[in-house]
Every structure is written in structure tokens, then in C-alpha cells.
Amino acid sequence: MIIGALQFPPIENVVEWPAWFGQGQAYAFNKIAFINLLAAIITIVIFAIAGSKKQLVPRGVQNIAEVSVQFIRNEVIAPGIGHGGERYLPMLISMFFFLFFSNITGIIPLFNMPATARMATPIVLALLAWVWFIGVGLKHHGIRYITGALFPPGVPKPLYLLVTPIEFVSTFLVRPFSLAVRLFANMLAGHILLVTFSVLCITLWGFKPLVAALPLSLFMLIALTGFEVLVAFLQAYIFTILTAVYIGGALHPEH
Amino acid sequence: MLAAALLLAAEEAKKTVNPILPVTEEIVWAAASFFLLWMLMRYVFLAPVMRVMDEREGRLREARAEADSASSGADDAVAAYNARVDVARVEANGIVAAARDEAERYRARQLAEANAAIHAQRDQASAEVGAAKAAALAQLRTQVAGVAVSAASRVVQKDLALDAQLQVIEDYVNGSIEGGTR
């Protein structure tokens with residue numbers, strides 16, 4: 001695609017990656033799969049190292065792991081689930097780290113692509129969250145969880161004609177898609193912004209009449225790179241805490 | 001012609017991949033990677049970290065309990081010390097009061113003794129003064145009587161017996177005193 005003198009790559013070139021092996025198969029392994037796997041491995045390595053150290057005053061990797069456990073406990077589980085939420089710590093901490101490392105690769109040289117800028121990772125985790133919170137609701141409250149969600153108490157009966165479809169759509173249909181689309185859209189937008197300013201910098205560098213504008217473009221690229229660090233963390237946190245809130249709503253529907 | 005155009009468009013649409021839709025292989029790897037992570041975290045790697053944190057929490061709790069206990073012991077020691085100080089203060093006050101009473105008694109005793117001594121000295125002095133006065137009077141009386149007898153001897157041109165005259169004078173004086181007192 002050529003816009004004036006700026007040659008912006010086609011979108012599929014920005015977000016799609018060829019398979020390294022297994023082309024055409026369901027197990028085809030590409031850059032996105034590699035980032036997902038790497039996110040899991042890095043998290044495992046962090047906790048393996050942290051678990052092997054038993055210092056009274058934690059330092060380094062042990063400190064990172066313990067602080068993150070405290071963070072998920074105090075900032076995700078406590079406000080999102082409350083009483084009885086400790087059992088969901090392994091899933092939530094795995095989700096947070098997996099998403100964070102999948103996001104942060106968007107600004108790491110040689111990767112330059114967040115795995116979550118592809119729909120696969122967000123939709124897998126969103127569907128997992130969806131299955132999980134419905135499963136928690138059914139396990140603890142049986143079918144009353146569904147009926148309670150669809151027919152909220154205290155509502156005049158005629159209004160159920162309006163409320164029940166809205167509750168069904170908002171609680172059981174929209175939630176996984178909103179979770180997935182929020183993460184995917186934010187990371188894709190950030191990725192496209194970085195690509196845009198990178199392409200602009202390259203173009204300005206080669207286009208002498210406008211080379212004076214290069215510092216501005218470079219500054220924007222650096223600023224957006226810094227901003228993407230924040231976005232990577234924030235989106236992982238938002239996804240995790242919303243999952244916790246959904247689980248908390250299913251566990252304590254009276255709240 | 002139209003059919004060919006539609007077929008071409010369909011072929012083109014097949015080639016054009018929607019970048020928003022998830023692809024199967026990425027879903028497979030994302031799911032596999034996350035479930036691997038989740039299971040390993042749940043059953044292997046999270047527990048040791050949690051154990052270390054719990055142990056630290058336990059140690060902190062014990063240390064805090066020990067500190068509270070030590071603080072409580074210190075409070076007890078302070079209370080016992082204060083109690084002892086109170087007892088000592090009461091004892092000291094008692095000792096001071098007893099000493100003050102003893103001093104008061106001693107002072108009173110000394111004062112009484114001094115007064116008694118003063119009275120005794122005063123009585124003795126009075127007695128000595130009385131004796132001296134009596135002696136002086138007796139001497140004076142003898143001298144006056146001698147002068148009077150001597151004068152009377154000159155008046156009557158005759159020697160008067162001094163002792164007899166003195167006895168007369170003595171009787172007279174005694175009689176005058178008795179008469180005066182009567």
C-alpha cells in the first residue's frame with residue numbers, strides 16, 4: 001500500500017507470520033506460537049528459580065515472584081473475588097504472567113510483535129475465563145446461578161421480558177468477547193502505531209527534503225514504545241482482574 | 001462471464017485472510033502453552049514460592065508474638081518495680097514519721113530535763129540567797145545590837161553585859177515580830 005511517498009506495509013504483513021514448521025497443519029509453529037511458548041517458559045523459569053531460593057529477605061527473581069504473588073493476591077483476588085478466592089491464585093497468576101509476556105514482546109527488539117495482537121491468545125484466555133466463571137457458579141449454586149443471573153430478584157415480573165435477554169447477552173455472551181476484543185484491539189492498535197512511526201522514521205531518513213521531521217517521528221516512536229510498556233502491564237492486569245471479578249460474581253452472586 | 005467473475009472474487013476472498021479472525025494453529029499453541037503453564041504453576045512451581053512466603057509469614061508472626069510477649073514482660077517488670085517503689089516510699093515515709101516522733105520526744109525530754117535543772121538551780125540559788133540574807137541579817141543584828149549596847153553603856157555610864165543585852169534585844173525583836181504579825 002502506497003500513501004503518497006509513504007509505503008505502508010499491508011496489514012497481513014504486520015500481523016501474520018509464516019510457519020517455521022508444520023505449514024498447513026493444526027500444529028503449525030510460527031512467531032506467535034513461539035512467543036506464547038516463550039511467555040509460558042519465562043514464567044516457569046522465574047517461579048522455578050524463585051522456588052529454589054529460600055532467603056528470608058527476597059532478592060532478584062525471588063523478589064519478583066513474591067511481589068507478583070502479593071500483587072495478584074491483594075490487587076486482583078481480594079477486590080475481585082474476596083473470601084474463598086485463594087484457590088484461583090494459580091490460574092490468575094499464570095494468566096497475568098502469560099498475558100504480560102505475550103504483550104511485552106511488542107516492544108522487544110527481534111520480536112516486535114505482541115502475541116496478543118493476534119486474536120488467538122485473547123480468545124483462548126477469554127473462553128477459559130468464560131467457562132471458568134460459569135463452572136464456578138454452577139458448582140457452588142447449581143442451576144440457581146443461571147436463574148439468578150437471568151432473573152434478578154426484586155425486578156417486577158413484566159420487566160423480565162426486557163431484563164432477562166439483556167442479562168443473558170451481557171453475562172453469558174458478551175463477556176468473553178469483550179475480554180478478548182479489549183485486549184486484542186489495544187495491543188493491535190499499539191502495534192500498528194509502532195509500525196507506523198517506524199515506517200515513517202525509515203521513510204523520512206531516506207527522504208532528504210523532510211529529514212528535519214525525523215526527530216519528531218523518532219521521539220513519537222520512543223514515547224509510544226514507553227507507553228506500550230504501560231499498556232502491556234495494564235492490559236494484562238485488566239484482563240486478569242476482570243476474570244477475577246467474573247469468578248467473584250459467580251462465587252458470591254448475592255454481592 | 002458473471003460466474004467466472006464471482007469465482008475469481010471467491011478465490012480472491014479465500015486468499016485474503018482477515019487479520020482479526022483467530023487461526024487454528026495459533027489457538028492450539030496458545031491453549032497448549034497456557035495450559036502447560038497453568039498446570040505446572042498449579043502443581044509444581046507455585047507451591048514452593050508460597051511455602052517460602054508462608055514460612056516467612058509464620059516467622060514474622062512468631063517474632064511479633066515474642067516481641068509482644070517481651071513487651072508484656074517489660075510492662076510486668078515495670079509494674080513490679082513501681083510496686084516496690086511504692087512499698088519503699090511507704091516504708092520511708094513511716095521511717096521519717098517515726099524519726100520525727102522520736103526527735104519530738106527527745107526534744108520534749110531534753111526540754112523537761114533542762115527545765116528541771118533550771119528549777120533546781122533556781123531553788124538552790126534562792127536557798128543560798130535566803131541563807132546569805134539570814135546570815136547577813138544576823139550579823140547586822142549583832143553589830144547593831146553591839147552598837148546599841150555600846151551606845152546605851154555610854155548613855156547610862158555603866159558597862160552593860162553585852163550577851164544579856166543582846167538576849168533582851170533578841171527577845172524584843174522577836175516579840176515585836178510576833179506582835180507585828182499578830
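Everything that follows concerns the structure shown earlier in this document.
A few points on the structure. (Residues numbered from 1 in each chain as written. Chains lettered and ligands numbered in written order. Predicted model: local features only at pLDDT ≥ 70, side-chain atom pairs only at ≥ 80, totals over all residues. Heavy atoms only, no water.)

1. Points about the interface of chain B and chain A
Now for step 1: Listed per partner, the contact involves 32 residues of chain B and 51 residues of chain A.
Now for step 2: Buried area between chain B and chain A, both sides added, is near 3,600 Å², and the carbon and sulfur share of it is 74%.
Now for step 3: On the chain B side of the contact with chain A, B:Glu26, B:Trp29 and B:Phe34 bury the most area, a combined 19% of that side's loss.
Now for step 4: A:Glu66 serves as the salt-bridge partner of B:Arg56, at 2.5 Å between the closest nitrogen and oxygen. (Contact = heavy atoms within 4.5 Å. Buried area = accessible area lost by both parts, 1.4 Å probe. Salt bridge = Lys/Arg side-chain N within 4 Å of Asp/Glu carboxyl O.)

2. Observations regarding the layout of surface pockets
Now for step 1: Looking at the largest pocket, its volume works out to about 360 Å³.
Now for step 2: When contributions to the lining of the largest pocket are tallied by element, the ones reaching two or more residues are α6 (143-150), α7 (160-206) and α8 (214-251) of chain A.
Now for step 3: For the lining of the largest pocket, the leading source of residues is α8(A), giving 5 residues.
Now for step 4: Here the lining of the largest pocket is composed, by residue class, of 8 nonpolar, 7 polar and 3 charged.
Now for step 5: Space inside the second largest pocket adds up to approximately 180 Å³.
Now for step 6: Lining the second largest pocket are 14 residues; nearest its centre among them are A:Glu16, A:Trp17, A:Asn30, B:Val23 and B:Glu25.
Now for step 7: Within the lining of the second largest pocket, the residues separate by chemical class into 7 nonpolar, 3 polar and 4 charged. (1 Å grid on protein atoms, 1.4 Å probe; cavity = no way out; pocket = protein on both sides within 12 Å on 5 of 7 lines; lining within 4 Å. Points joined across faces, edges and corners; volume = space filled by probe spheres on them. Helix = DSSP H or I, 4+ residues; strand = E, 2+ residues; numbered from the N terminus. Nonpolar A, V, L, I, M, F, W, Y, C, P; charged D, E, K, R; others polar.)

3. With respect to the packing of aromatic side chains
All names here are of chain A.
Now for step 1: Tallied over the entire structure, the rule returns 26 aromatic pairs over all chains.
Now for step 2: When the ring of Phe 47 is compared with that of Phe 97, the centres are 5.5 Å apart and the planes differ by 90 degrees; the resulting orientation is edge-to-face. With Phe 47 in helix α2 (residues 31-52) and Phe 97 in helix α4 (residues 89-104), this residue pair connects regions lying 50 residues apart in the sequence.
Now for step 3: Ring centres 5.5 Å apart and planes at 65 degrees place the aromatic pair Phe 100 and Phe 101 in the edge-to-face group.
Now for step 4: In textbook terms, an aromatic cluster arises when at least three aromatic residues are bridged by ring pairs, as seen for Phe 47, Phe 71, Phe 96, Phe 97, Phe 100, Phe 101, Phe 233 and Tyr 237.
Now for step 5: One residue, Arg 175, lies across the ring of Phe 133, its end atom 5.1 Å from the ring centre.
Now for step 6: Above the face of the Trp 205 ring, Lys 208 is positioned so that its terminal group lies 5.6 Å from the ring centre. (Phe/Tyr/Trp six-rings, centres within 6.5 Å; stacked < 30°, edge-to-face > 60°. Lys NZ or Arg CZ within 6 Å of the ring centre and 35° of its normal.)

4. Remarks on the environment of A:Phe219
Residues and elements named next belong to chain A.
Now for step 1: Inspection of the secondary structure assignment puts Phe 219 in helix α8.
Now for step 2: For Phe 219, a relative accessible area of 52% corresponds to the exposed category.
Now for step 3: Measuring from C-alpha to C-alpha, the distance between Phe 219 and Phe 197 comes to 9.4 Å, with 22 residues separating the pair along the chain. (Buried < 20%, exposed > 50% of the residue type's maximum accessible area, 1.4 Å probe, protein only.)

5. Re the pattern of salt bridges
Now for step 1: Within the structure shown, the criterion is met by 6 salt bridges over all chains.
Now for step 2: Across the salt bridge formed by B:Glu26 and A:Arg118, the nearest N and O atoms sit 3.1 Å from each other. Taken together, the positions of B:Glu26 in helix α2 (residues 24-156) and A:Arg118 in the loop between α4 and α5 (120-141) put the pair across two chains. Each member of the pair, B:Glu26 together with A:Arg118, is buried.
Now for step 3: With a closest N to O distance of 2.7 Å, B:Arg105 and B:Glu102 form a salt bridge. Of this pair, B:Arg105 and B:Glu102 are both found in helix α2, 3 residues apart, which corresponds to roughly one turn of the helix.
Now for step 4: By relative accessible area, which is 47% here, B:Arg105 ends up partly exposed.

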